[in-house]
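Structure assessment
Next come the chains, spelled out residue by residue.
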Amino acid sequence: MSTVSVRIPTILRTYTGGESEVKADGATLREVISDLDAGYAGIAARILDDGGKIRRFVNVYVGDEDVRFADGLDTATPAGSQVSIIPAVAGG
Amino acid sequence: MALDAADLGPATALVCRECGEKYDLGPRYACEQCFGPLEISYDFAGVSREAIEAGPRNIWRYRGLLPVPSNVESTPNTEPGLTRLVRADHLAESLGMQRLWVKDDSGNPTHSFKDRVVAVALAAARELGFKVLACPSTGNLANAVAAAAARAGIRSAVFVPSDLEQQKIIVTAVYGGTFVTVRGNYDDVNRLASEIAGEQDDWAFVNVNVRPYYAEGSKTLGYEIAEQLGWRLPDQIVIPIASGSQLTKIDKAFQEFIKLGLVEDKPYKVFGAQATGCSPVAAAFKAGHDVVRPVKPATIAKSLAIGNPADGPYVLDVVRRTGGAIEDVSDAEVVEGIRLLAATEGIFGETAGGVTVACLRKLVSTGALDPEAETVIINSGDGLKTLDAVAPVVGPSAEIAPTLEDFRASGLA
Ligand SMILES: Cc1ncc(COP(=O)(O)O)c(C=O)c1O
């Protein structure tokens, strides 16, 4: 089981009691999100849509890589990875 | 932050474009339910052609349609807008078109349409109690934010990709302020800015945490085009796409003018323009998709090099709803587009303008755009900021000695 660090965006910090960075376990992003939800009930449903896919206005990074360029929810999350969840409605 | 005292003019609330969740006006930008972008809703009152025409000769003539305080003109700002709408007969002729106009937004204070969005963001950021004006930028926004903050007498914090055009680095640095080059592409810089925005409570990243307000500034391009055409809408309009915000807001402006009865309701087609080296929205359009697959940009049109465009899905909606199309062109065509606009109309656009002109040409040749119908294209930035694009392909006709003999011998008479 690998432990990773997850950066939480402002709008989800109500779930983490204001924490901007939390730990979670999982070998893939899918497992990390489900472990997050075990600790912070309801947070997964904010990140994933009803079909279980990453919402269209959420960008998730493992390290420097946007997981849409990697394997999406199946992207590997080696121990010590930095996972970042970021609203996509920015830029330009 | 003292929101009670905030005066945001006719703005009444923030509403999620995806799920419809409603929020009070404030320093929010993404929906807490679904991460969708928040859009400003309004209660317009007292907007008429006469009231607008009596207003100042800048974007504040449309103040009654923007999320800004009623005294916005009296606080120091760059006063952008009311740029010229140029009848482009020579360009039209060379493309076999009838009635063509260029909205030349290189005439803004820092020479791109970004002064419009920044002016609105600055006004809103002040009302919302922010202390620093910040942004991630592909270049033009960096210029506009640094200048606007200098004018307003507040601190700026600007982040750009380190491989940006030298001209854009210099014209940003000259205004002072905090200016950081980041070793990465725009999408990397954008991500960093989103993370910093989560830490620095009193920094207004204009296109991140005050984006709902900022984006409304692009509506003024649409308002001006309609007013300058004599209070009517064009049949077709071609707009460059980076994040896609400008395109969606020009459409919003036309829709608002129709609803307010300021122009006659008529169909118009919205066309989008991208460089092939960064064409995620054009690719989605052509493939019939309604989601946009991010790409890693590789094009000389750096101001448009956003590989993960936030407003991409909404651009697709607007273009499909109005019966337009989205085209993309190679870097060589971009350079040709810059030269064509300069040589036919005396307007030196930056690479984004080259993209737009080259896409116009392509849209005419594919038949997607009607050469008989009245068309407006946007030149959103100034060629002096992207000199490298044309430097290899233009130059003097000859070099001669200061003698009449040499001039005659040159064969240029
Ligand atoms: C000159 C120029 N034109 C057009 C655009 C596209 O703007 P948008 O991100 O609103 O699509 C930009 C954006 O950076 C720009 O700098």
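Residues numbered from 1 in each chain as written. Chains lettered and ligands numbered in written order. Predicted model: local features only at pLDDT ≥ 70, side-chain atom pairs only at ≥ 80, totals over all residues. Heavy atoms only, no water.

Heads up, the rule is: UniProt positions are given in the numbering used here, feature names are shortened, and annotations may be inferred rather than shown by experiment.
Chain B goes by Threonine synthase in an unreviewed UniProt entry, where it is assigned to Thermomonospora umbrina. Under the heading Cofactor (unreviewed entry), UniProt records this for chain B: "pyridoxal 5'-phosphate". In its Sequence similarities (unreviewed entry) section, the UniProt entry covering chain B states "Belongs to the threonine synthase family."

The name given to chain A in an unreviewed UniProt entry is Molybdopterin synthase subunit MoaD, and the organism recorded there is Thermomonospora umbrina.

**Considerations on the domain arrangement of chain B**
Accessible area lost on assembly of the parts is the figure often given for the size of an interface. All names here are of chain B. Selection criterion: These domain boundaries are the output of an automatic or database domain assignment. The buried area of a pairing is the accessible area, by a 1.4 Å probe, that goes missing from both parts when the two are put together, added over both. By salt bridge we mean one thing: a side-chain nitrogen of Lys or Arg within 4 Å of a carboxyl oxygen of Asp or Glu. Residues adjacent in sequence count toward polar contacts only when both atoms are side-chain atoms; beyond that, a polar contact is any pair of N or O atoms within 3.5 Å, and within protein one must be able to donate a hydrogen and the other to accept it.
Taken domain by domain, chain B comprises domain 1 (85–111 + 216–389) and domain 2 (112–211). Surface buried jointly by domain 1 and domain 2 totals about 2,100 Å² across both partners, of which 46% is contributed by carbon and sulfur atoms. Counting the surface domain 1 buries against domain 2, the share from its top three residues, Thr110, Lys302 and Lys385, is 32%. Remark: the boundary between domain 1 and domain 2 carries four salt bridges. Between arginine 116 and glutamate 224 there is a salt bridge, with its nearest N and O atoms 2.8 Å apart. Our count for the domain 1 to domain 2 interface comes out at 17 residue pairs in polar contact (both at pLDDT 80 or more).

**Regarding the sheet that holds strand S12 (residues 326–329) of chain B**
The strands making up a sheet associate through backbone hydrogen bonding, with each pair oriented either parallel or antiparallel. All names here are of chain B. Counted only if it meets this: Two strands make a pair as long as DSSP finds a minimum of two bridges between them. A run of H or I in DSSP counts as a helix once it spans at least four residues, and a run of E counts as a strand once it spans at least two, with each numbered from the N terminus. Axes here refer to lines fitted to C-alpha atoms; in helices the fit is confined to the stretch in contact. Angles between the N-to-C directions go from 0 to 180 degrees. By definition in these notes, contact holds between two residues if any of their heavy atoms fall within 4.5 Å.
Within the open sheet, the six strands sit side by side as S4-S5-S13-S10-S11-S12. Their pairing is mixed. Sheet topology places strand S4 (85–87) and S12 at the edges, where each strand pairs with a single neighbour. The mean inter-strand angle of the sheet, taken between neighbouring strand axes irrespective of direction, is 25°. Summarising the sheet, strand S5 (residues 100–104) and strand S13 (residues 375–379) pair through five bridges and their orientation is parallel. Bridging across to S13, leucine 100 finds its partner in threonine 375. Docked against the sheet, helix H10 (residues 280–287) engages strand S11 (269–275) and S12, running at close to 130° with respect to S12.

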